[in-house]
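These are the residues of each chain, in order.
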Amino acid sequence: MAGRINDDDVKAVRDAVPIDAVVSEYLQLRNAGGGNLKGLCPFHDEKSPSFQVSPSKGLFHCFGCQEGGDTIAFVMKIDHLSFSETVERLAAKAGITLRYEEGGYNPSHQRGERIRLIEAHQAAAEFYVRALESPEAEIGRKFLAERGFDQEAATHFRVGYSPAGWDHLTRYLRGKGFSDKELITSGLSQDGRRGPIDRFRGRLMWPISDTAGDIVGFGARKLRDDDNGPKYLNTPETPIYKKSQVLYGIDLAKKDIAKASRAVVVEGYTDVMACHLAGVTTAIATCGTAFGNDHIKILRRLLMDNGSARVIFTFDGDSAGQKAALRAFEDDQKFAAETYIAIAPDGMDPCDLRLVKGDDAVRDLVEPRTPLFEFALRQIVGRYDLETPAGRAAALDEAAAVVAKIKTSSVQREVAVQLAGLVGILDQEFVVHRVAQLARWARDKGGDQGGGGRGGPQGRGPRAGAPQQTAPAPAPAFSGPALNLRSPAHRTERELLKLALQKPALVSPAFDAYGVDEFTAPPYAAVRRCIEDAGGAEQGIADDRAYLGAVLDAAPDNTVRNLVTELAVEVFHGRTIDETYAGMHLVHVRLRAVDRRIADVQSSLARLGNHVAPQDLAAAQNEVWVLQQYAQTLRAHGAAAL
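Described in the following lines is the structure provided in the data block. Keep in mind the model is a prediction, meaning the values are calculated, not measured. (Residues numbered from 1 in each chain as written. Predicted model: local features only at pLDDT ≥ 70, side-chain atom pairs only at ≥ 80, totals over all residues. Heavy atoms only, no water.)

## Looking at the overall build of the protein
What the protein contains, in helices and strands, is 27 helices and 16 strands. Per-residue burial for the protein yields a buried fraction of 47% across its 642 residues. Residue pairs in contact within the protein that sit at least 24 positions apart in sequence constitute 68% of those at least 6 positions apart. (Helix = DSSP H or I, 4+ residues; strand = E, 2+ residues; numbered from the N terminus. Buried < 20%, exposed > 50% of the residue type's maximum accessible area, 1.4 Å probe, protein only. Contact = heavy atoms within 4.5 Å.)

As structure tokens, then:
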């Protein structure tokens, strides 16, 4: 074992890698006010952004699913890495050499599995790129040239060549220190009669990267007639490569997709190359599988599903392409973006179109023209003889069932009206009624499985239909009534804790004199205790991030830890956050605590009646008088009386 990573190095990694830069590799972030950023949560499906990032605090929190934490927690969660793997990955990004408590620096064979597999893919990509320059790879260079791609294009997309021998890459990677087990696990090699052999041989190679830009797999194109394998061969499913969760070209296209609020989905690697070289730099493609739910989630996070977002699908004009378009329409409602389809009049794909008609034709092809729903309905209706009543009725039955899947009632009605025109039925209301009836039947049968709506800060219960835990969850660090955000007391306590976490200078040192019992909501009392255990809010004046880290470390469980991150990134309710605003909340929390104490003492005296000893009665009456005077002073002088 390499041992525990030095604490100072972990802190250096946290400080060196900005959380907004890391999160932006996976989703589009926009201004949320108060110095925070927001985006669509990558950890649950939602239509409105409830995921917030605080660059100044180095924290993120989702108000929908309650996930939260720092940069390390984000990468661990999204890439399914261990703590040490995450720190190593971020350290490599920041150029920090890590030290280990139990001996020396980190040897490569002790690094986490994901990092090792990615390093193997990076080494393989470099090997393939060099191999494309070899005499043997002439057939590959000719293939590219015939499709309009020169050496500069090949270099830009890191296209390579896998030698035709049995184990050229395997021997090369062994020499780099990778074990046979790692090579098999990575999918770069496969078991042969006498040990591992190369999976890809004699093929043109495209590296496939994830959203963060790490190479996780390859797509390989057959070049020779004596190759009995499939035309395209992709990396098999591995710990880092899931074909349903990768999009070729996403690493190159993600910034322009976010900037333009537009994505172009094409069918192949050469189509992506052709589009990018023609100036359509938002083009991406699936890798050996149909466009599906996980691909939609990737694009939605980049597009932010705003009103102007566009997704344009380009499919071949043949029957397979038309089937792909219909499959895409099945998932259309999972986008908030408008979806369109682009098919060249002569059925050419973007690569052929660029070769025959030039870059302008490719750019013109992907300009939104035909809404996907319209294309899908025309394809369905076109299979029937609309000259006969029976044909029109059959076309309506099939197409209406598709329209009934549209979730938004106003859009559903609008499309139903258009369907009436396509089928040739003059009574539009009849078609609208038929579609609504089918939608109602589907809901009654439980067919409406649509989700994606965001949960608010109070939506903490399990989703309907979500798998239930088989083991009881650990008890939270607090008990008592649930938060009631309509309660003025709870709202004020929440705002004061936000001030203590986000702007400690405004509430120190007064806040640190507040007792845990001054917070009536048990969850807020737990957070107050964490701040106390971390040394108080005054610690945050000198080193904001270290202070927040100490508060998080003091949390007894994930429930409290998540609440701390939530409060540390949540936007304030006030317009001007200054000493006056902070003082007002300090006073309100203290006043309620004083009033509660007065009420408690008076209630005790009332219950005991004449059974109170004279000295106890005098002490209690004196306490009430002192508290009443203090409350009066607080009301008259505000924060100056604290």
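## So, the pairing of strand β15 (residues 338-342)
Looking along a regular strand, one sees the side chains alternate between the two faces of the sheet. For β15, the buried fraction is high: 4 of the 5 residues fall into the buried class. As paired elements, strand β14 (residues 310-314) and β15 share 5 bridges and run parallel to each other. Bridge pairing in β15 places phenylalanine 313 opposite isoleucine 341. Two strands pair when backbone bridges link them, and β15 and strand β16 (residues 370-371) are joined in this way by 2 bridges, in the antiparallel orientation. Bridge pairing in β16 links isoleucine 341 to threonine 370. (Pairing = 2+ DSSP bridges.)

## What to know about helix α19 (residues 428-444)
The end-to-end C-alpha distance of α19 is 25 Å, a good match for the 24 Å that 17 residues give at a rise of 1.5 Å each. Looking at α19, one finds that the buried residues are Val431, Val432, Val435, Gln437, Leu438 and Ala439. For α19, the elements touching its buried residues are α17 (389-403) and α18 (409-423). Regarding α19, its N-cap is aspartate 427, as a side-chain oxygen of that residue lies 3.3 Å from the backbone nitrogen of glutamate 429 further along. (Expected span 1.5 Å × (residues − 1). Polar contact = N/O pair within 3.5 Å; in protein donor to acceptor, adjacent residues only side chain to side chain.)

## What about the packing of helix α20 (residues 488-502) against helix α24 (residues 544-554)?
It is the contact of α20 with α24, at a shortest axis distance of 9 Å, that shows an interaxial angle of 125°. As the angle between them shows, α20 and α24 are arranged oblique. Facing Ala500, Leu501 and Gln502 of α20, the residues of α24 in contact are Asp544, Tyr547, Leu548 and Val551. (Axes fitted to C-alpha atoms, helices over the stretch in contact; angles between N-to-C directions. Parallel < 35°, antiparallel > 145°, perpendicular 65-115°, else oblique.)

## Things to note about the packing of aromatic side chains
Applying the stated criterion across every chain, the model contains 16 aromatic pairs. With a centroid separation of 5.5 Å and an interplanar angle of 25°, the aromatic rings of phenylalanine 51 and phenylalanine 60 are classed as stacked. No difference in accessibility class separates phenylalanine 51 from phenylalanine 60, as the two residues are buried. Residues phenylalanine 127 and tyrosine 128 carry aromatic rings whose centres are separated by 5.9 Å and whose planes lie at 65° to one another, so their mutual orientation is edge-to-face. Aromatic rings pair up to connect Tyr26, Phe43, Phe51, Phe60 and Phe74 into one cluster. When the ring centre of phenylalanine 143 is taken as reference, the NZ or CZ atom of arginine 147 above it lies at 3.6 Å. One residue, arginine 590, lies across the ring of tyrosine 514, its end atom 4.0 Å from the ring centre. (Phe/Tyr/Trp six-rings, centres within 6.5 Å; stacked < 30°, edge-to-face > 60°. Lys NZ or Arg CZ within 6 Å of the ring centre and 35° of its normal.)

## A closer look at unusual backbone geometry
With omega at 0°, the peptide bond leading from serine 508 into proline 509 counts as cis. Summarising the element assignment, proline 509 is placed in the loop between α21 (504-507) and α22 (522-533).

## Details of the side chain of threonine 565
Position of threonine 565 relative to the elements: it lies in helix α25 (residues 558-569). Note on threonine 565: relative accessible area 1%, which makes it buried. Look past the residues within four positions of threonine 565 in its chain and what remains in contact with it is Leu59, Phe60, His61, Gly68, Gly69 and Leu552.

## Description of the pattern of salt bridges
Once their charged atoms are close, side chains differing in charge can pair, the charge on each being opposite to the other. Counting across every chain of the model gives 31 salt bridges. The closest approach of N and O atoms between arginine 116 and glutamate 119, which form a salt bridge, is 3.8 Å. Taken together, the residues arginine 116 and glutamate 119, both in helix α5 (residues 113-131) and 3 residues apart, mark about one turn of the helix. For arginine 116, a relative accessible area of 4% puts it in the buried group. In this structure glutamate 119 comes out as partly exposed when scored by relative accessible area, which is 27%. A single salt-bridge network, built from bridges that share partners, covers Arg494, Glu495, Lys498, Glu566 and Glu570. (Salt bridge = Lys/Arg side-chain N within 4 Å of Asp/Glu carboxyl O.)

## Regarding the sheet that holds strand β1 (residues 30-33)
With antiparallel pairing, the 5 strands of this open sheet are ordered in space as β1-β2-β3-β4-β5. Of all the strands in the sheet, the pair left with one neighbour each is β1 and β5 (68-70). For this sheet the average axis-to-axis angle between neighbouring strands, irrespective of direction, equals 25°. Alignment of strand β3 (residues 51-54) against strand β4 (residues 59-62), held across 4 bridges, turns out to be antiparallel. Along β4, the bridge assignment pairs serine 54 with leucine 59.

## Some remarks on the nonpolar core
In a soluble, globular protein the nonpolar side chains are often hidden away together inside. Counting 45 residues, the largest nonpolar core has Leu144, Val159, Leu204, Trp206 and Tyr248 as its most contacted members. For this core, the element with the highest residue contribution is helix α11 (residues 269-277), accounting for 5 residues. With near-sequence residues (within four places) excluded, leucine 204 lies in contact with Leu132, Gly140, Phe143, Leu144, Val159, Gly160, Gly219, Ala220, Arg221 and Leu223. One finds Val527, Cys530, Tyr547 and Leu567 within the second-largest nonpolar core, a separate group that totals 37 residues. (Core = buried A, V, L, I, M, F, W, Y, C linked by side-chain atoms within 4.5 Å.)

## Examining the state of the cysteines
Tallied over the full model, the rule gives 0 disulfides. No disulfide involves cysteine 62; its sulfur sits 3.6 Å from the nearest other cysteine sulfur, which is in cysteine 41. Judged by relative accessible area, cysteine 62 falls into the buried class, the value being 0%. Left unpaired, cysteine 65 is separated from the closest cysteine sulfur, that of cysteine 62, by 3.7 Å. When its relative accessible area of 27% is taken as the criterion, cysteine 65 is described as partly exposed. (Disulfide = S-S within 2.5 Å.)

## Side note on the pairing of strand β8 (residues 195-198)
As paired elements, strand β7 (residues 189-192) and β8 share 4 bridges and run antiparallel to each other. Among the inter-strand pairings, glycine 192 is bridged to a residue of β8, identified as glycine 195.

## Considering the environment of alanine 153
Along the chain, the position of alanine 153 falls in helix α7 (residues 151-156). C-alpha of alanine 153 to C-alpha of alanine 274: the two residues are 121 residues apart in sequence and 9.5 Å apart in space. Setting aside residues no more than four positions away along its own chain, alanine 153 makes contact with Met273 and Leu277.

## Some details on helix α16 (residues 372-381)
The buried fraction of α16 is high, at 8 of 10 residues. Within α16 the residues assigned to the buried category are Leu372, Phe373, Phe375, Ala376, Leu377, Gln379, Ile380 and Val381.

## Things to note about the sheet that holds β14
The sheet built from 5 strands is open, its strands ordered β13-β12-β14-β15-β16 with mixed pairing. Of all strands in the sheet, those with a lone pairing partner are β13 (283-285) and β16, marking the two edges. Where strand β12 (residues 262-266) and β13 come together, 3 bridges link them in parallel fashion. When the sheet's bridge partners are listed, valine 265 is paired in β13 with isoleucine 284. Its contacts with the sheet put helix α10 (residues 250-260) on β12 and β13, and the angle it makes with β13 is roughly 130°. Across the sheet, α11 touches β12 and β13, and the angle it forms with β13 is around 175°.

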